[in-house]
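# Summary of the model geometry
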Amino acid sequence: MDSTQKISHLALDIGGTLIKLVYFSANGDYSEESRNGCSVVHGKLCFAKFETRKIDDCLEFIRFNILHHSGVQHPNGEALDKLYVKATGGGAFKFADLFKEKLGILFDKEDEMHSLVGGVNFLLKTVPREAFTYLDGQKEFVKIDHNDLYPYLLVNIGSGVSMIKVDGDGKYERISGTSLGGGTFLGLGKLLTKCKSFDELLELSHHGNNRVIDMLVGDIYGGTDYSKIGLSSTAIASSFGKAISDGKELEDYQPEDVARSLLRMISNNIGQIAYLNALRFGLKRIFFGGFFIRGLEYTMDTISVAVHFWSRGEAKAMFLRHEGFLGALGAFTSYNNQSHNDLKPHHHTVQRAILNCSGDNLRHIPVTSNLNDSETIECSINLV
């Protein structure tokens, strides 16, 4: 990280599996201009993530980068003048004392659902080419009509899954959810394979074949379709169903096949439940977010196929480029409400950049800190 950068406005979303960070980094020369009596600072939004079980890595990252570059000093580990940081998620309550003790940071807690909705609305309204569809290997960006955005269904896939009907800014209702989410995938995956992390399990699933374990319609109907009800021979009739009659033990299966079947089962389930809830409220737009997806083509395609199948092509699954940082972005934008700081994204300057994890300022972070190579958002902040 460039030592000339000015860091400010840190926000965190601390979930059961991951900690997500969003922070503003001013340009190297800390470019500032006056506009209508306001100081306008140009820079970018940056993103990083850590496993919650490795929270010490997150604390080190904030200590040696965020606090250092923002000029905040903490002699003897004590806070100066109550440094408040926006935070959301269950961890904002669970780890509040830890952040206060280690960094002198006090959490200004934001509601989790409110932050999720705020983050999605911010992205859809201000960041071009944010939403896209992915089906049959084809990625297509979706043009968002700001005058016809609502209502929509937000499906946030974290450790568990929340399904939220969004009717406007600050207008939303959690209408459903499921406990079968990212935590299920990682938890069962760790029990059934030797994988220790979410990314390792995803990589393993990439090399697997779920048909070795899943019972297909063709397995029941002698290799043929069940065309009368619209089921192809390759449709999954029962996830893990072949394990019933194969006469095999767990060690007889390849772990990559187990991981693939598990990923397919959970993704299918989420896609189906999402559409049924969209149908219940007459919603045609369904946005999927959360770090369970990770931009993985197989996951997106599975969810999309489920939505397409159950809706008979009438509904489409849509995904977000900044899918995992919705809550953190919502918490970040809430600075505008209390400190009179106004975030002004540049609609025309969204660019891909990789968070530098190899600089000297990160030498205290273990290489397993699991930082995210994500997209920054060029923007400016009005200081009034």
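Residues numbered from 1 in each chain as written. Predicted model: local features only at pLDDT ≥ 70, side-chain atom pairs only at ≥ 80, totals over all residues. Heavy atoms only, no water.

## Describing the overall build of the protein chain
Applicable threshold: By definition, any uninterrupted DSSP run of H or I lasting at least four residues is a helix, any uninterrupted run of E lasting at least two residues is a strand, and each is numbered from the N terminus. Note on contacts: a residue pair qualifies if any of its non-hydrogen atoms lie within 4.5 Å across the two residues. Only the protein chains shown count as covering a residue, and every accessible area follows the Shrake-Rupley method with a 1.4 Å probe.
Across its full length, the protein chain carries 11 helices and 17 strands. In the protein chain, the proportion of contacts linking residues at least 24 apart, taken out of those at least 6 apart, comes to 67%. Within the structure as shown, the protein chain displays about 18100 Å² of accessible surface, and the carbon and sulfur contribution to it stands at 48%.

## Examining the sheet that holds strand 9 (residues 152-157)
Definition in use: By this definition, two strands are paired if DSSP reports at least two bridges between them. Under this scheme, a helix contributes an axis fitted over its contacting stretch, all axes are lines through C-alpha atoms, and angles between N-to-C directions fall in the 0 to 180 degree range.
Strand order in this open sheet of seven strands is 8-7-15-14-9-10-11, and the pairing throughout is mixed. The outermost strands of the open sheet, each flanked by one partner alone, are strand 8 (138-141) and strand 11 (171-178). Each neighbouring strand pair of the sheet contributes to a mean axis angle of 30°, computed without reference to strand direction. The sheet contact formed by strand 10 (residues 161-168) and strand 11 spans seven bridges and is antiparallel. Paired with Val161 across the strands is Thr178, a residue of strand 11.

## Structural notes on the nonpolar core
Defined as follows: Joining through side-chain atoms within 4.5 Å is the link that ties buried Ala, Val, Leu, Ile, Met, Phe, Trp, Tyr and Cys residues into a set, and such a set is a nonpolar core. Relative accessible area decides the class of each residue, using a 1.4 Å probe on protein chains only: under 20% of the type maximum gives buried, over 50% gives exposed, and in between gives partly exposed.
Core analysis: the largest hydrophobic core is formed by 61 residues, its most contacted members being Leu12, Leu21, Leu45, Ile62, Phe99 and Phe107. In this structure, Ile157, Val161, Phe198 and Val307 belong to the second largest nonpolar core, which totals 35 residues.

## So, helix 9 (residues 297-311)
How we decide: One less than the residue count of a helix, multiplied by 1.5 Å, gives the span that helix is expected to have.
The terminal C-alpha atoms of helix 9, which comprises 15 residues, lie 21 Å apart, in line with the 21 Å expected from a rise of 1.5 Å per residue. For helix 9, the complete set of buried residues consists of Tyr298, Thr299, Met300, Thr302, Ile303, Ser304, Ala306, Val307 and Ser311. Looking at the buried side of helix 9, the elements it contacts are strand 7 (131-135), strand 9, helix 8 (255-281), strand 14 (285-289) and strand 15 (316-320). Two residues or fewer after helix 9 comes Arg312, characterised by a positive phi angle close to 55°.

## Comments concerning the packing of aromatic side chains
The criterion, for reference: What counts as a ring pair is set by centres within 6.5 Å for rings of Phe, Tyr and Trp (its six-membered ring), and what kind of pair is set by the plane angle: stacked under 30 degrees, edge-to-face over 60, tilted for all other angles. Charges are assigned to positions over rings by a cutoff of 6 Å between ring centre and Lys NZ or Arg CZ, combined with an angular limit of 35 degrees from the ring normal.
By the definition in use, this model includes 15 aromatic pairs. The interplanar angle of 45° and the centroid separation of 4.8 Å between the aromatic rings of Phe99 and Phe107 together place this pair among those described as tilted. With 5.1 Å between their ring centres and 80° between their planes, Phe291 and Phe325 make a pair best called edge-to-face. Highlighted residues: Phe291 in the loop between strand 14 and helix 9 and Phe325 in the loop between strand 15 and helix 10 (326-333), separated in sequence by 34 residues. Taking relative accessible area as the criterion, Phe291 reaches 10% and is therefore assigned buried. Seen from the ring of Phe291, Lys49 lies directly overhead, with NZ or CZ sitting 5.6 Å from the centre.

## Section: the packing of helix 4 (residues 112-126) against helix 10
Where we set the bar: In these notes the angle categories are as follows: under 35 degrees is roughly parallel, over 145 is roughly antiparallel, 65 to 115 is roughly perpendicular, and the rest is oblique. Lys, Arg, Asp and Glu make up the charged group, whereas Ala, Val, Leu, Ile, Met, Phe, Trp, Tyr, Cys and Pro make up the nonpolar group; the residues left over, Gly among them, are polar.
Taken N-terminus to C-terminus, the directions of helix 4 and helix 10 make an angle of 85°; their axes are 6 Å apart at the nearest point. Classified by the interaxial angle, the pair formed by helix 4 and helix 10 is roughly perpendicular. Where helix 4 approaches helix 10, its residues Ser115, Leu116, Gly118, Gly119, Val120, Phe122 and Leu123 are matched on the opposing element by Leu326, Gly327, Leu329, Gly330, Ala331 and Thr333. Its residues assigned to classes, the contact of helix 4 with helix 10 comprises seven nonpolar, six polar and no charged.

## Re helix 6 (residues 198-205)
Inclusion rule: The directions considered for the arc are those from the helix axis to the C-beta atoms.
Among the residues of helix 6, those classed as buried are Phe198, Leu201, Leu202, Leu204 and Ser205. One face of helix 6 carries all of its buried residues, which in axial projection span an arc of 160°. Looking at the buried side of helix 6, the elements it contacts are helix 5 (182-192) and helix 8.

## What about the pairing of strand 8?
Every other side chain in a regular strand lies on the same face of the sheet, so the side chains alternate between the two faces. The pairing of strand 7 with strand 8 spans four bridges and is classified as antiparallel. Each residue of the ladder has a partner; that of Tyr134, found in strand 8, is Lys139.

## Describing unusual backbone geometry
Residues other than glycine predominantly adopt negative phi, and peptide bonds predominantly adopt the trans conformation. The omega angle of the peptide bond from Tyr150 to Pro151 is -5°, so this bond is cis rather than trans. Relative to the elements of secondary structure, Pro151 occurs in the loop between strand 8 and strand 9. Its identity as a non-glycine residue notwithstanding, Arg129 has a phi of 55°, on the positive side. Considering the arrangement of structural elements, one finds Arg129 in the loop between helix 4 and strand 7. On the accessibility criterion, Arg129 (54% relative accessible area) is exposed. A positive phi angle, close to 65°, is found at Phe240, a residue other than glycine. By secondary structure assignment, the location of Phe240 is in the loop between strand 13 (236-238) and helix 8.

## Here we look at the environment of Asp246
We count it as follows: N or O atoms closer than or at 3.5 Å make up a polar contact, with two conditions inside protein: a donor-capable atom paired with an acceptor-capable one, and, for residues adjacent in sequence, both atoms drawn from side chains.
As for its position among the elements, Asp246 is in the loop between strand 13 and helix 8. As for Asp246 and Ile213, which are separated by 33 residues in sequence, their C-alpha atoms are 8.9 Å apart. Ignoring any residue separated from it by four or fewer positions in sequence, one finds Asp246 in contact with Val212 and Tyr253. A polar atom in the side chain of Asp246 sits 3.1 Å from the side chain of Tyr253.

## Examining the confidence of the model for the protein chain
The line we're drawing: Predictor confidence is given residue by residue as pLDDT, running from a minimum of 0 to a maximum of 100.
Confidence in the prediction for the protein chain averages 82 pLDDT; 80% of positions are at 70 or higher. Long-range and interchain partners of residues 73-79, a stretch whose pLDDT sits below 50, account for 10 contacts in this model, where long-range means more than four residues apart. Note that pLDDT drops below 50 for residues 345-373; the model gives that stretch 67 contacts with residues more than four away or on any other chain.

## Some words on the pattern of salt bridges
Which entries qualify depends on this criterion: We count a salt bridge whenever a side-chain nitrogen from Lys or Arg sits within 4 Å of a carboxyl oxygen from Asp or Glu.
Across all of its chains, the model carries 13 salt bridges by this definition. As a salt-bridge pair, Asp199 and Lys49 come within 4.0 Å of each other at their nearest N and O atoms. Taken together, the positions of Asp199 in helix 6 and Lys49 in strand 4 (residues 38-51) put the pair 150 residues apart, joining distant regions of the chain. On the accessibility criterion, Asp199 (33% relative accessible area) is partly exposed. Judged by its relative accessible area of 3%, Lys49 is buried. Across the pair Lys165 and Asp167 runs a salt bridge whose closest N-O atoms are separated by 2.8 Å. Using a relative accessible area of 15% as the deciding quantity, one classes Lys165 as buried.

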